[in-house]
Amino acid sequence: MTKIPVFTDDPGWHGKRLKEAFAVRGYEVVFISLKDCYFNLTTGHSGLVIPGFDQLPPIAFVRGVPGGSLQQVIARLDILHALEALGVKVYNDGSAVERTVDKAMTSFLLHQHGVLTTSTWICESRHVAQAVIERESAQAPLVIKPLFGSQGQGVRLIKQGDAFPVPMERYVDGLYYLQTYIDSGEGAWHDHRVFVINGKAVAAMVRHGASWVNNVALGGRCEKIAHDGELGALAEAASRAVDINYCGVDIIRDAQGKLYVLEVNSIPAWKGLQAVTELDIAQALVDDCLEQCRA
Ligand SMILES: Nc1ncnc2c1ncn2[C@@H]1O[C@H](COP(=O)(O)OP(=O)(O)O)[C@@H](O)[C@H]1O
Ligand SMILES: [Mg+2]
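Residues numbered from 1 in each chain as written. Chains lettered and ligands numbered in written order. Predicted model: local features only at pLDDT ≥ 70, side-chain atom pairs only at ≥ 80, totals over all residues.

Asks: How should the overall build of the protein be read in this particular structure?
Replies: Per the secondary structure count, the protein includes 8 helices and 15 strands. Its C-alpha atoms put the protein at 60 × 45 × 30 Å along the principal axes. Here the protein holds 295 residues, and the buried ones make up 38% of them. A separation of at least 24 residues holds for 64% of the contacts in the protein among residues at least 6 apart in sequence. (Helix = DSSP H or I, 4+ residues; strand = E, 2+ residues; numbered from the N terminus. Buried ≥ 20, exposed ≤ 12 C-beta atoms within 10 Å, placed from the backbone. Contact = placed C-beta atoms within 7 Å.)

Here is the structure:
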């Protein structure tokens, strides 16, 4: 059986599903941490060491890029880029992961491609941030988010008159990512997650949050909704804007019914979505990945 590395530090439910889905197509999954891969740049060697692989695999599936120091994270992404340079189909590829793990670049690309997203300002300058907060919070609250956040961590509201965020506080870390708050309904907060594979929306759900932060990791309750129409089309446009094989797109609807893309996830969880979807998401991912590799 051909072996496929799935890069993850915590295989869990998603790892199990991917393992089963690859096995159905005759592939054996090996879980590997990107921390354990390394470069060996000696003559006669491909340059890359993936533990457990004497030969490079046809495909590598990315389920997690662990955090670390800046140089560690860069080296982990280098592994993905190097695999691609050596002819391995990396799913999602390193550049797509870079573009989306970074909320600033995602927001810029959405804006550049005319995909409706909320007004956003990203700056290092305390003075610029202060001016934005003073001006904008007079109209509507702002959301501040960490650039590399996930699962709703560090996402918070800034209302008019609130204290200025402490520049070196953990989730600010010297950078202000500020965004207009979209009120999806006080007390009935919700947003949408749309799963897009190879440019097509394949599943969607509403997430009902216990607060305005609707992430499943924070207890957001999942409910199935149709993935066609305006919602699906917007998610597909977001996927095109960041140029990615597959993704989970977060979309919020304002009181007037207008939809805005909040972010694009290149390593989305799909356990909550799978619970309300007939499509076997892991199998759809594996099949697309094998198809892309053949292409
Ligand atoms: N501009 C916003 N307006 C209203 N709610 C927001 C906004 N930005 C984020 N949220 C809420 O916070 C959640 C997490 O934000 P998101 O940008 O998706 O970051 P994360 O990577 O942490 O999931 C969203 O799913 C949504 O419920
Ligand atoms: Mg999100």
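Asks: What exactly am I supposed to notice about the environment of F148 here?
Replies: Considering the arrangement of structural elements, one finds F148 in the loop between β8 (142–144) and β9 (156–158). Taking the number of C-beta atoms within 10 Å as the measure of exposure, F148 has 17 and is therefore partly exposed. For F148 and G67, which are 81 residues apart along the polypeptide, the C-alpha to C-alpha distance reads 9.5 Å.

Asks: What am I meant to see in the packing of helix α4 (residues 103–112) against helix α6 (residues 229–242) here?
Replies: Helix packing for two helices is described by the angle between their axes and how far apart those axes are. The interhelical angle for the contact between α4 and α6, taken along N-to-C directions, is 110 degrees, at an axis separation of 9 Å. It follows from the interaxial angle that α4 and α6 lie roughly perpendicular. For the crossing formed where α4 meets α6, the hand is right-handed. Residues T106, L109 and L110 of α4 form the contact with α6, whose own contacting residues are A238, A241 and V242. Its residues assigned to classes, the contact of α4 with α6 comprises 5 nonpolar, 1 polar and no charged. (Axes fitted to C-alpha atoms, helices over the stretch in contact; angles between N-to-C directions. Parallel < 35°, antiparallel > 145°, perpendicular 65-115°, else oblique. Left-handed = near helix turned anticlockwise from the far one by under 90°. Nonpolar A, V, L, I, M, F, W, Y, C, P; charged D, E, K, R; others polar.)

Asks: Looking at this model, I keep getting lost on the site of ligand 1. Mind explaining?
Replies: The full set close to ligand 1 counts 23 residues, and V143, I182, V213, N214 and E263 are the nearest of them. If you list the elements that add at least two residues to the shell around ligand 1, you get β10 (176–180), β14 (246–253) and β15 (259–265). If you count residues domain by domain, the shell around ligand 1 takes at least three from each of domain 2 (100–116 + 185–279) and domain 3 (120–180). (Near = placed C-beta within 6 Å. Domains from an automatic or database assignment.)

Asks: What's the story with the environment of N265 in this structure? I'm lost.
Replies: Inspection of the secondary structure puts N265 in strand β15. Under the C-beta neighbour-count criterion, N265 is labelled partly exposed, with 19 such atoms within 10 Å. As a C-alpha pair, N265 and L285 span 20 residues in sequence and 14 Å in three-dimensional space. Not counting the four nearest positions on each side in its chain, N265 is found in contact with T100, C247 and G248.

Asks: Is there a simple way to think about the sheet that holds β9 in this case?
Replies: Paired through backbone hydrogen bonds, the strands of a sheet run either parallel or antiparallel to each other. Sheet architecture is open: 4 strands sit in the order β7-β10-β8-β9, paired in antiparallel fashion. If you trace the sheet from one side to the other, it starts and ends with β7 (120–123) and β9, each paired once. Each adjacent strand pair in this sheet contributes to an overall mean axis angle of 30 degrees, direction not counted. Here 4 bridges tie β7 to β10, and the two strands are oriented antiparallel to one another. Paired with T120 across the two strands is Q179, which belongs to β10. (Pairing = 2+ DSSP bridges.)

Asks: Teacher, can you tell me more about helix α1 (residues 12–24) here?
Replies: Since the α-helix packs 3.6 residues into each turn, any two residues three or four apart lie on the same face. Compared with an ideal rise of 1.5 Å per residue, which puts 13 residues at 18 Å, α1 spans 19 Å between its outermost C-alpha atoms and is within 8% of the ideal. Residues of α1 that are buried: H14, R17, L18, K19, A21 and F22. On its buried side, α1 packs onto β1 (2–7), β2 (27–32), β5 (59–62), α7 (271–274) and α8 (281–294). A positive phi of about 90 degrees marks G26, the residue just after α1. (Expected span 1.5 Å × (residues − 1).)

Asks: Can you help me understand helix α5 (residues 126–136) in this one?
Replies: Restricting attention to buried positions, one finds in α5 the residues A129, V132 and I133. Projected down its long axis, α5 carries its buried residues within an arc of 95 degrees, all on one side. Set apart from the buried face of α5 by more than 90 degrees, the exposed residues are H127, E134 and R135. Here the buried face of α5 lies against β7, β8, β9 and β10. (Arc of directions from axis to C-beta.)

Asks: What's the story with the domain arrangement of the protein in this structure? I'm lost.
Replies: Interfaces are often sized by the accessible area lost when the parts come together. With domains assigned, the protein is organised as domain 1 (2–91), domain 2 (100–116 + 185–279) and domain 3 (120–180). When each unit is reduced to the centre of its C-alpha atoms, the spacing between domain 1 and domain 2 is 27 Å. Contact residues are listed per partner, giving 6 residues for domain 1 and 4 residues for domain 2.

Asks: Help me understand the sheet that holds strand β11 (residues 190–197), please; the structure alone is not making it clear to me.
Replies: Spatially, β13-β12-β11-β14-β15 is the arrangement adopted by the 5 strands of the open sheet, whose pairing is antiparallel. The outermost strands of the open sheet, each flanked by one partner alone, are β13 (221–224) and β15. Within this sheet the neighbouring strands show an average axis-to-axis angle of 30 degrees, counted without direction. Bridge analysis of β11 against β14 gives 6 bridges, and the strand direction is antiparallel. Paired with V194 across the strands is V249, a residue of β14.

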